[in-house]
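For reference, the chains in residue letters:
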Amino acid sequence: MKKFLSAGAVLVLCAALAAAVAQAGPKKQNAVNLTFATYVWQPTTVKAMNDIVAAWNKSHPSIQVQIVPVDVNSVHDKLLTSFVGGSAADIVHDEAADIPGFTQQGYLANLTPLIPKTLKAEIPKSVWDTVNFGHKITGVPIMLQTYNVFANMDLLKQAGIKAPSVAGPWTWDKFRAVAKQLSTNGNYGVCWGLRSPTATIQTLSLNWGGQWNYLENGRWVLKVGPAEQKILQIMHDMIYVDKSVDPAGVGLSGSAVLPSFFAGKCAMTIQGNYNAQGMIEQSPKGFNWAMFPPLKGDSQDQAANPQTLSISQQSQHKSEAMQFIAYALNSQNMAKLAAGDWLIPAAPDAASIVVKSTKHYGSWRAAISAVPSFKKANWVSLTPYPQWKAEVATPAFRSYLSNQISMDDLIKQLTDGWNRIRG
Amino acid sequence: MTTVPQPRRPVMFRGARTRAGVGLSGREALLLMIPALLPVLVLSIAPLARGIYLGFTDSRAGLGVPTHFIGIDNFRALVHDSLFVNSFKIGLIWAGSVTAIQFVLALGLALLLSQPLHGRWLARSLALVPWAMPSVLVAIMWKLFFQPQAGILNEALYRAHLPGSNIDWLSDFSWALPAVILVGVWMGMPQTTVALLAGVQSISDDLHEAAATDGASAWQRFRTITLPQLRPVIIAVTTLDLIWNFNSFGVVWVLTQGGPGHATELPMLFAYNEAFKYGQFGYASALGDAMVVVISCFLVLWLWGRLKETSR
Amino acid sequence: MIVSPRQKRTRAAQYAGLACYVVFLGFPILWMLSVALKGPRELVELHPHLIPKHITFANFGEGLHSYSVLHASWNSLKVAAATSLLTTAISIPAAYVLARRRGLISKLGLGWILISQMFPLVLIIIPLFLLLRHLHLTDSLVGLVFVYVVWTLPFVLWMLQSYVRGIPRDLEEAAIVDGAGRLTTLRTVIAPLLLPGIVVTALFAFIQSWNEFFFALVLLQTPSRTTLTLQLARFVGIEGIVRLGPLAAAALLATLPSLLLFVVIQRFLTRGLLSGAVKG
């Protein structure tokens, strides 16, 4: 019995010791050790990020950075618990639409005094506006995405349809017509994964100037007017009136419809432009795909919602953290990251580097051509937005697109939900 | 095996041995309990008390944000919160359905396993497997099963020319909850089957034989002998299952995250979102308090059932 | 013995019923195995088959590699081992008290055991989280062990006290009458007889901690400190059907340890648990 107990005690001590050691991690003496929480997940981007960090660590022995990967699907939750739990990383990777809440809760450091002038000048003001909360900047923009049409060029050629050019993009009406034309013989014109449709819907609303949130008497209200309803109407009608959208794909996430697209079940699909990377990796041999320039409503405007790097207020080494951020986001490195993720860099200089140095020149031209179309969207900087999006908007949009509720019900749910959460 | 020392006292002193000689003194008992008592007080009872109290405060996330006592404001807000009402509705539907279906299936399996059939060992072992699997893995497994394009369920329906081969089960507004209930039933089979099997096997064969010679059919024997004998087990297992299922989190969270559109949002999932997505700790605790009230109702039912049992 | 046609039909129906159960219980696992053995191109096909056209074991390698399964398993192992040893160690004396002494303490103890099974975890996780934050034990395996110890304690106490009850009092009485002190009695009489029960209970606590998800989800953030269940849950959301193969393979591998342990203890488990459930 004694032997058992003492063996057990030794084991427990070993386990506890091992656990403590495991937490320690590699540390250099007399160096500032920064943790960097990032949710990069595409293998190419992960490699690019690792290379950047390794190069930094080599050239800056007194400031060592350690990457802490975060699951891309639960970034908000993980950040919140780490902020509340006091275990947040020094440098935090998030997106502009998600940081207003954290800013208001005081978890993100004010970067305005810390940002070096060169970094400030690299990125256009319109993009800086997305991370500016009453003259308090709490994130540095990295890269942005647009929603584009990806098409199976073989099927289009068969039907005698010509691809749009950067100078002459398709309008939504043209897109609808083409989709209808290609919906024959059990196949569909479009596969559209609309499980998480909120970002898509709101971003594309800017084609008609739909800002969703407006400042009225000093309060931010939600209005679903004709401009906001336009894209919803188009989506709904394409699914249920034109019947040009594969109904089986509507409940799937954006990229989960790719197998149908590859199999030729649908001729086109609307995806975030970062899916070009997925196309390259997963498409079958000989599959002839192309990415089109953004579609045009009244304009080609899409909402700017860049990925961002922030510094947590609890960090003990804010200026060192900013040094790293400035390095990671210089033109060369920003281009590397953007190229890996097939996203559009926030800095035009980085954008030109990307266009010159990557394959699929045609698709990158289409992507970069969208840069002038980025506009500030009001909802990106509002504190109640993340909760409204997750709790109210996404379920309501899904109900509407599944024909469970009418447009009037949808508008009521959205506005009531916004008023309740905003308080 | 330790040999027990034989009492060497003379016979006349044997009568002096009383039960009280072995009894633990209060002091001894306390000392022995302390290693377990301390962690329980610090990490279980104290937090639980505080958790209940938090339901009456406005505690939330934020650097240096103070917490104030706000009385029943949270509960007033809860009652008007359609999402809260929805989660409770889903919770009760889920708990009721899973418990009921699980009970019927487990009873059937328990009855079968007590018959002399070849290959029972396979069914018995398989019945225990869900216990050994973490809820996350069960969810992954069933996600693969329900996968609309590459999953076997839709493929089987397609080949059998049955309708529904296009449905994305876990994303469909009407089918997500039933699909998730099926998984819940699968997960809960072990505990219910084991309990019922033990109950069934403890019914003496004599009763059955006597009834059989009296000409009772299998169904009559089941109704008049098996069921009544099983009553205490049934009540205990069903109540426990109801409570466990109402509190369920892991499986549904991994399967659907409460979607589509709150269709499978169990109370615990709603509470998790409120607490760890939106940082509303006070509100989430109020929800927990409300769940406790419901669970207490289940407990009261069980106690009432047991009281009726013992008074028979 | 002549078997009547009616009895034959009943037997056939019973076998059919048993077969249905076997399919219901076993098929999902079989399907997961099928997915694990399929290559990426075959997974993307629109009409899948149960038996893979080309069996490949590549998914297992990739699953282990890309999901850091080995490292997460190591974390789970450390946490589960520490939890089961600690919980069992502190429970043994308490279980003895609960089984032997019918006073207020044991009533309260048994009451707490029952009630703690029924409380929604959300009530306890928030204050625990805030408490652990003061101790700087959030996002740490040590903090997780503390939480697990308290979480597994009820079950462990319940099982151990029912095992202690199974030991006849006479043996203790005899030893005490012979002048043995309380601790000596515990050591020489109770403990050896309790050993099989202790082993089963410790293994059960191990499995419970190994499989736990909710507390780990809330408390752990850094991937280097994830447990296995948490690690696999991360990868469920990631898009791409192609990734399902390695995920299925990793999931299968993750089930093996607890499955094996479970097979080992299942005979003892049913006996131990039930002695409390039905009569208790």
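Conventions we followed
- Residues numbered from 1 in each chain as written.
- Chains lettered and ligands numbered in written order.
- Predicted model: local features only at pLDDT ≥ 70, side-chain atom pairs only at ≥ 80, totals over all residues.
- Heavy atoms only, no water.
- Helix = DSSP H or I, 4+ residues; strand = E, 2+ residues; numbered from the N terminus.
- Buried < 20%, exposed > 50% of the residue type's maximum accessible area, 1.4 Å probe, protein only.
- Contact = heavy atoms within 4.5 Å.
- Areas by Shrake-Rupley, 256 points an atom, 1.4 Å probe, with all protein chains shown as cover.
- pLDDT = per-residue confidence, 0-100.
- Phe/Tyr/Trp six-rings, centres within 6.5 Å; stacked < 30°, edge-to-face > 60°.
- Pairing = 2+ DSSP bridges.
- Axes fitted to C-alpha atoms, helices over the stretch in contact; angles between N-to-C directions.
- Buried area = accessible area lost by both parts, 1.4 Å probe.
- Salt bridge = Lys/Arg side-chain N within 4 Å of Asp/Glu carboxyl O.
- Polar contact = N/O pair within 3.5 Å; in protein donor to acceptor, adjacent residues only side chain to side chain.
- Nonpolar A, V, L, I, M, F, W, Y, C, P; charged D, E, K, R; others polar.
- Disulfide = S-S within 2.5 Å.

Caption draft 1: Focus on the overall build of chain C. The number of helices and strands found in chain C is 12 helices and zero strands. For chain C, the α and β elements follow one another from N to C terminus as α-α-α-α-α-α-α-α-α-α-α-α. Per-residue burial for chain C yields a buried fraction of 57% across its 280 residues. Taking all contacts inside chain C whose residues are at least 6 apart in sequence as the whole, residues at least 24 apart take part in 73%. Approximately 11300 Å² of chain C is accessible, and the part contributed by carbon and sulfur atoms is 71%.

Caption draft 2: Spotlight on the confidence of the model for chain C. Residue and element names in this part refer to chain C. Overall, the prediction assigns chain C a mean pLDDT of 80, with 90% of residues at 70 or greater. The low-confidence segment residues 272-280, where pLDDT is below 50, has 15 contacts with residues more than four positions distant or belonging to other chains. Taken together, the chains of this predicted complex give a pTM of 0.81 and an interface ipTM of 0.80.

Caption draft 3: Layout of the packing of aromatic side chains. Here the structure, examined in full by the defined rule, presents 43 aromatic pairs over all chains. One aromatic cluster in this structure is built from Phe249(B), Trp253(B), Tyr272(B), Phe276(B), Phe281(B), Phe129(C), Tyr148(C), Trp151(C), Phe213(C), Phe214(C) and Phe215(C).

Caption draft 4: Structural context of the sheet that holds strand β7 (residues 188-191) of chain A. All names here are of chain A. An order of β7-β10-β6-β11 is seen for the four strands of this open sheet, with the pairing classed as mixed. Only two strands of the sheet have a single neighbouring strand rather than two, namely β7 and β11 (289-291). When the angles between neighbouring strand axes are averaged without regard to direction, this sheet yields 20 degrees. The pairing of β7 with strand β10 (residues 266-272) spans three bridges and is parallel. Opposite Cys191, over in β10, you have Thr269 as the bridge partner.

Caption draft 5: Representation of the interface of chain B and chain A within the structure. On the side of chain A, 26 residues touch chain B, which itself brings 22 residues to the contact. Regarding the contact of chain B and chain A, the summed buried area is about 2100 Å², with carbon and sulfur atoms giving 54% of it. Contact with chain A buries area across many residues of chain B, yet Leu63(B), Phe173(B) and Tyr278(B) alone supply 30% of it, more than any other trio. The interface formed by chain B and chain A holds one salt bridge in total. Between Asp77(A) and Lys277(B) there is a salt bridge; the shortest N-O distance is 3.6 Å. Here chain B and chain A share six residue pairs in polar contact (both at pLDDT 80 or more) between them. With four residues, the single largest contributor to the side of chain B that touches chain A is helix α11 (residues 267-276) of chain B. For the side of chain B that touches chain A, a count of residues per class yields 11 nonpolar, seven polar and four charged.

Caption draft 6: Summary view of the state of the cysteines. Residues and elements named next belong to chain A. Tallied over the entire structure, the rule returns one disulfide over all chains. What pairs with Cys191 in a disulfide is Cys266, and their sulfur atoms sit 1.9 Å apart. Because the torsion about its S-S bond is -100 degrees, the bridge between Cys191 and Cys266 counts as left-handed. Linking Cys191 in strand β7 with Cys266 in strand β10, this pair joins segments that are 75 residues apart in sequence. Of the residues examined, Cys266 reaches a relative accessible area of 0% and is grouped as buried.

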